[in-house]
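Inside the fold
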Amino acid sequence: MAEAPSVDPKAKTAEHALTDVRRAKAARLRERNENPFANDVVPRTLGARTLDVAEVRACAAVARDDAGKYPDDKVKAATGGQTFHIRGRIIAFRSTGGLSFLRLRDRTGEIQLLVSEAAMGPGYASLEDLDLGDIIESEGTLASSKRGELSIEPSRIRMLTKALRPPPEKWHGLQDVETRYRQRYVDLVANPLVAEVFRARSYIVRATRKILDDKDFLEVETPTLTPLVGGAVARPFDTHHNALDMPLFMRIAPELYLKRLVVGGLERVYEIGRCYRNEGISTRHNPEFTMLEYYWSYVTYKHLVEFTEVMIRGIDAELRKAMPEAHARWSSERPFAIDEAFARVPMAQAVRKGLAATEIAAFSDFLGADRGFDAAACSQVLGTDFGEHIKGWAKSSPRAKAIDWGNFRKGWMKCDNDGERLFAAYEYLCEPFLTDDYKAADGKRSLPVFVMDYPFETSPLARRNDTSPDRVDRFELFVHGRELCNAFSELNDPDDQAERFREQVRKKAAGAEETMDFDEDYIRALEYGMPPAAGFGMGMDRLTMMLTNAPSIRDVILFPLLRAET
RNA sequence: GGGCUGAUAGCUCAGUCGGUAGAGCUGCGGACUUUUAAUCCGUAGGUCGCGGGUUCAAGUCCCGCUCGGCCCA
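Residues numbered from 1 in each chain as written. Chains lettered and ligands numbered in written order. Predicted model: local features only at pLDDT ≥ 70, side-chain atom pairs only at ≥ 80, totals over all residues. Heavy atoms only, no water.

**Quick look at the overall build of chain A**
The following threshold applies: Under the DSSP-based scheme used, a helix requires at least four consecutive residues in state H or I and a strand at least two consecutive residues in state E, with every element numbered from the N terminus. For each residue, the accessible area found with a 1.4 Å probe, counting protein chains only, is set against the maximum for its type, and the residue is called buried under 20%, exposed over 50%, and partly exposed in between. Any two residues whose heavy atoms approach within 4.5 Å are treated as being in contact. The Shrake-Rupley method, run with a 1.4 Å probe sphere, supplies the accessible areas, and residue values consider only the shown protein chains as cover. His is not counted, nor are the chain ends; Lys and Arg add positive charge and Asp and Glu add negative charge. Taken as the charge centre is NZ of Lys, CZ of Arg, CG of Asp or CD of Glu, depending on the residue.
Counting secondary structure elements, chain A contains 21 helices and 17 strands. Taken along the three principal axes of its C-alpha coordinates, chain A extends 90 × 60 × 55 Å. Within the span of chain A, comprising 566 residues, buried residues form 48% of the whole. In chain A, the share of contacts with a sequence separation of at least 24, taken over all contacts with a separation of at least 6, comes to 67%. Taken as a whole, chain A presents about 28200 Å² of accessible surface, with 51% of it coming from carbon and sulfur. One finds the centroid of the 80 positive side-chain charges in chain A at a distance of 5 Å from the centroid of its 88 negative side-chain charges.

Structure, rendered in structure tokens:
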């Protein structure tokens, strides 16, 4: 037997002491002519079937009794002594002397190795060089432990990759949030529920593709490096191309390129891709995020309202199919309902409702009158500066008290027109209360709500409503108070679009940071004729958050942006 | 940018009124052929985030900074 690894604990930090022990074990393997970082893996060893853990379990499924145990005689009868070969990471290691229990994990599951001196012979001694976290391969027959746990009884174990660092604490896993984000590789190993969310994310994206592909959409890829800023209202990242000596922006949205493709006759296109916005970081915002946008010719936003419900339910159904157990857990905890028809409310009506809910007496005459409620009416009822009224208004009701009047007024005063004012009123009077105001049939869960018919001033790429030209045919979907989708019938009149761009440029000149550039080429494209179409955008990160109950966007982005490690 | 809050062993966490730095897991040595966070005995492991200050004495009190988290903008 080799000597114990010698480590001088005084010479190095405790961290080094831990890795040095493992390096010493790797060295002993090398002395035995074994490679602690083996590369000669083969899909099958002599006489053994190489299987994933889930496949091995499937082979023994008939031996499983009602209590989930595997009687040893039944396991042996089911597998006839055939040899299985598996690979995975050691995630638990218990030894009782001549018998050791290892737990191995691969991407499909976990299985116990029941390692006995009897079956392993002299090779049993080499268990000394195995540590938690090592990646090994093993072959042996299927058996059952005394407690009825399905196990592989190995005749051979071989190191494939020596782990020089130990895994985090076995019971609590890795808890430190900062380390979890910075060292996601450890997080994924130590916290299986984290890995589960990212598996869900993959299924969600896959389901989204499937639903659009089935509708004969074409998946395309458009530039993420762009000479102009467009497609959304946000601050971009600046960059530069050296060879062309050309300033560039990271795209904030793929919209204008996708619509060029609609001009080009592709008619139904979508892209699932990274977008970049140079803005704050929060539980709902990461500077880079993944957006789905699709454009559908010969339909209007009204069609997309219907399709959005179908799509979200369809994605959720695919997720349930792929991960039934996790899905049951997530869906039972959801504070919102997606199984019944979503609410629909025009923005102006939402504001009218929001004002009514404040129970502010000054609005009662106005709200009682049987008249429409458009952007101009909204301005009229609130006046130009309601600062002096705030104190009184806030006392009217609990709802009125909950309104952020100070910031509402600040935003209100900055508005240039009635449309922007309507939007501001919506933002402060309605949006924070959507979760309370729209409830599912059970009266508990919130109901997703489509807020429809936005003021045209806040939507520079959307088509005006034919009967109310101060509105655009647009909706946003809010699920439990969080914005998930944004969609509208596309503006395809090049002259109207050019005027909207000019307005954006005027705003930029006046100091606004979040504006679009005038995109001459896009206007030229529209001049060739874009069919009537409706377009849709959805944050895939937020969709994943919603379906997996993740409280922060960092829980659904593998490597969220953090400050440099010091 | 503002408010609140956190950083102590590789990991998870204690640390009282300011008075010698603690536990569990991991590691190492030993016992053990049916474990399930195995158990038992022994043992090692610390720039208490960084920098100042107060004090006879600071993980603890004060100030500044760094990196996080939550909320707000």
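**A word on the packing of aromatic side chains**
To keep it simple, the criterion reads: A pair of Phe, Tyr and Trp rings is counted when the ring centres sit within 6.5 Å of each other, with Trp represented by its six-membered ring. The angle between the planes then sorts it: under 30 degrees is stacked, over 60 is edge-to-face, the rest tilted. Distance and angle both matter: a charge sits over a ring if NZ of Lys or CZ of Arg is within 6 Å of the ring centre and within 35 degrees of the ring normal.
According to the stated counting rule, one finds 22 aromatic pairs in the structure shown. Taking 5.7 Å as the distance between ring centres and 80° as the angle between the ring planes, the aromatic pair formed by phenylalanine 408 and tryptophan 412 counts as edge-to-face. Here tryptophan 412 and phenylalanine 408 lie together in helix 16 (residues 405–414), a separation of four residues that amounts to about one turn. Through a chain of ring-to-ring contacts, three or more aromatic side chains come together here, namely Phe363, Phe386, Trp393, Trp405, Phe408, Trp412 and Tyr428. Residue placement shows arginine 464 over the ring face of phenylalanine 456; its charged tip is 3.9 Å from the ring centre.

**Section: the sheet that holds strand 15 (residues 471–479)**
To keep it simple, the criterion reads: Strand pairing is assigned whenever DSSP detects at least two bridges linking the two strands. In this analysis an axis means a line fitted to C-alpha atoms, helices contributing only their contacting stretch, and an angle means the value between N-to-C directions, from 0 to 180 degrees.
One open sheet holds the eight strands; their spatial order is 7-11-12-17-16-15-14-13, and the pairing between them is mixed. One side of each edge strand has no neighbouring strand; the edge strands of this open sheet are strand 7 (218–219) and strand 13 (343–346). Pairing analysis gives two bridges linking strand 7 to strand 11 (residues 268–276), with the strands arranged parallel. In the strand pairing of strand 11, glutamate 219 is matched with tyrosine 270. Here helix 7 (residues 192–214) sits on the sheet and contacts strand 7, strand 11 and strand 12 (288–297); the angle it forms with strand 11, its principal contact strand, is near 155°.

**Observations regarding the pattern of salt bridges**
Where charged atoms from two side chains of opposite charge approach closely, those side chains can pair. Quick reminder of the rule: Salt bridge, as applied in this entry: a Lys or Arg side-chain nitrogen positioned within 4 Å of an Asp or Glu carboxyl oxygen.
Enumeration according to the criterion identifies 51 salt bridges in this entry. Note that arginine 506 and glutamate 499 form a salt bridge whose closest N and O atoms lie 3.0 Å from each other. With a relative accessible area of 45%, arginine 506 lands in the partly exposed category. Residue glutamate 499 is classed as partly exposed on the basis of its relative accessible area, which comes to 36%. Each member of the salt-bridge network shares a partner with another, and the members are Asp40, Glu137, Glu139, Arg156 and Arg158.

**With respect to the pairing of strand 17 (residues 533–539)**
Within a regular strand, the side chains alternate between the two sheet faces. Across the seven residues of strand 17, seven count as buried, placing the element largely inside the fold. Here seven bridges tie strand 12 to strand 17, and the two strands are oriented antiparallel to one another. Paired with serine 297 across the strands is alanine 533, a residue of strand 17.

**Focus on the protein's contact with RNA strand B**
Under the convention used in this document: For this description, a residue counts as near a given molecule or strand if any of its non-hydrogen atoms is within 4 Å of it. In protein, a polar contact means a hydrogen-donor-capable atom and an acceptor-capable atom, both N or O and within 3.5 Å, with residues adjacent in sequence counting only if both atoms are side-chain atoms; elsewhere, any N or O pair within 3.5 Å suffices. Each residue gets one of three labels, nonpolar for Ala, Val, Leu, Ile, Met, Phe, Trp, Tyr, Cys and Pro, charged for Asp, Glu, Lys and Arg, and polar for the others, Gly among them.
RNA strand B sits among 42 residues. The nearest are Lys25, Arg94, Lys170, Glu178 and Arg563. Within 4 Å of the protein, the atoms of RNA strand B are drawn from sugar and phosphate moieties in a proportion of 66%. Between RNA strand B and the protein, one listed contact pairs a sugar or linking oxygen with a backbone N or O atom of glutamate 169 at 2.9 Å. Breaking the surface near RNA strand B down by element, the ones donating at least two residues are helix 1 (14–31), strand 2 (83–95), strand 3 (99–106) and helix 5 (177–182). The biggest single contributor to the surface near RNA strand B is helix 1, with five residues. For the surface near RNA strand B, the per-class residue count stands at 14 nonpolar, 13 polar and 15 charged.

**Re the confidence of the model for chain A**
Which entries qualify depends on this criterion: Each residue carries a pLDDT score, the predictor's own confidence in it, on a scale running from 0 to 100.
In the predicted model, chain A carries a mean pLDDT of 92, and the fraction of residues at 70 or more is 97%. Every residue in residues 1–12 is under pLDDT 50, and counting partners more than four places away or in other chains gives 11 contacts. Here the predicted complex scores 0.93 on pTM and 0.91 on ipTM.

**Re the sheet that holds strand 9 (residues 238–241)**
Pairing is antiparallel across the open sheet formed by three strands, whose spatial order is 8-10-9. In this open sheet, the two strands that pair with only one neighbour each are strand 8 (225–226) and strand 9. In terms of strand pairing, strand 8 meets strand 10 (residues 246–250) through two bridges, oriented antiparallel. Its bridge partner lying in strand 10, leucine 225 is registered against methionine 250.

**What about helix 16?**
How we decide: As used here, the arc is the angular range of directions from the helix axis to the C-beta atoms.
Turning to helix 16, its buried residues are Trp405, Phe408 and Trp412. Projected onto a plane normal to the axis of helix 16, the buried residues spread over an arc of 55° and lie on a single side. Looking at helix 16, the residues exposed on the side facing more than 90 degrees away from the buried face are Lys410 and Lys414. Of the surrounding secondary structure, the elements contacted by the buried residues of helix 16 are helix 13 (375–382), helix 14 (390–394), helix 15 (398–402) and helix 17 (418–429).

**What about the environment of aspartate 541?**
Turning to its location among the elements, aspartate 541 is positioned in helix 21 (residues 540–548). Each C-alpha atom, one on aspartate 541 and one on threonine 290, is 6.2 Å from the other, the two residues being 251 residues apart in sequence. Apart from residues lying up to four places away in sequence, aspartate 541 is in contact with Arg201, Phe289, Thr290, Ile553, Val556 and Ile557. Looking at aspartate 541, its side chain comes within polar contact range of the main-chain nitrogen of threonine 290, at 2.8 Å.

**A few points about the nonpolar core**
Here is the rule: By nonpolar core is meant a set of buried Ala, Val, Leu, Ile, Met, Phe, Trp, Tyr and Cys residues that side-chain atoms within 4.5 Å join together.
Core analysis: the biggest nonpolar cluster contains 61 residues, and Val351, Leu355, Phe373, Leu382, Trp405 and Phe408 have the highest contact counts within it. Apart from residues no more than four positions distant in its own chain, leucine 355 is found in contact with Phe363, Leu367, Phe373, Val381, Leu382 and Leu429. In this structure, Ile272, Tyr301, Met538 and Ala550 belong to the second largest nonpolar core, which totals 48 residues.

**Examining the packing of helix 9 (residues 301–322) against helix 21**
For the record, the criterion: Should an angle fall under 35 degrees it is taken as roughly parallel, and over 145 as roughly antiparallel, whereas 65 to 115 is taken as roughly perpendicular and any remaining angle as oblique. With the far helix as reference, a near helix turned anticlockwise by less than a right angle produces a left-handed crossing, and one turned clockwise produces a right-handed crossing.
The contact between helix 9 and helix 21 brings their axes to 12 Å, and the two run at 60°. Classified by the angle their axes make, helix 9 and helix 21 are oblique. Considering how the two elements wind past one another, helix 9 and helix 21 form a crossing that is right-handed. Residues Ile312, Ile315, Asp316 and Leu319 of helix 9 touch helix 21, and the partners they reach there are Leu543, Met546 and Leu547. Looking at the contact of helix 9 with helix 21 residue by residue, the class counts come to six nonpolar, no polar and one charged.

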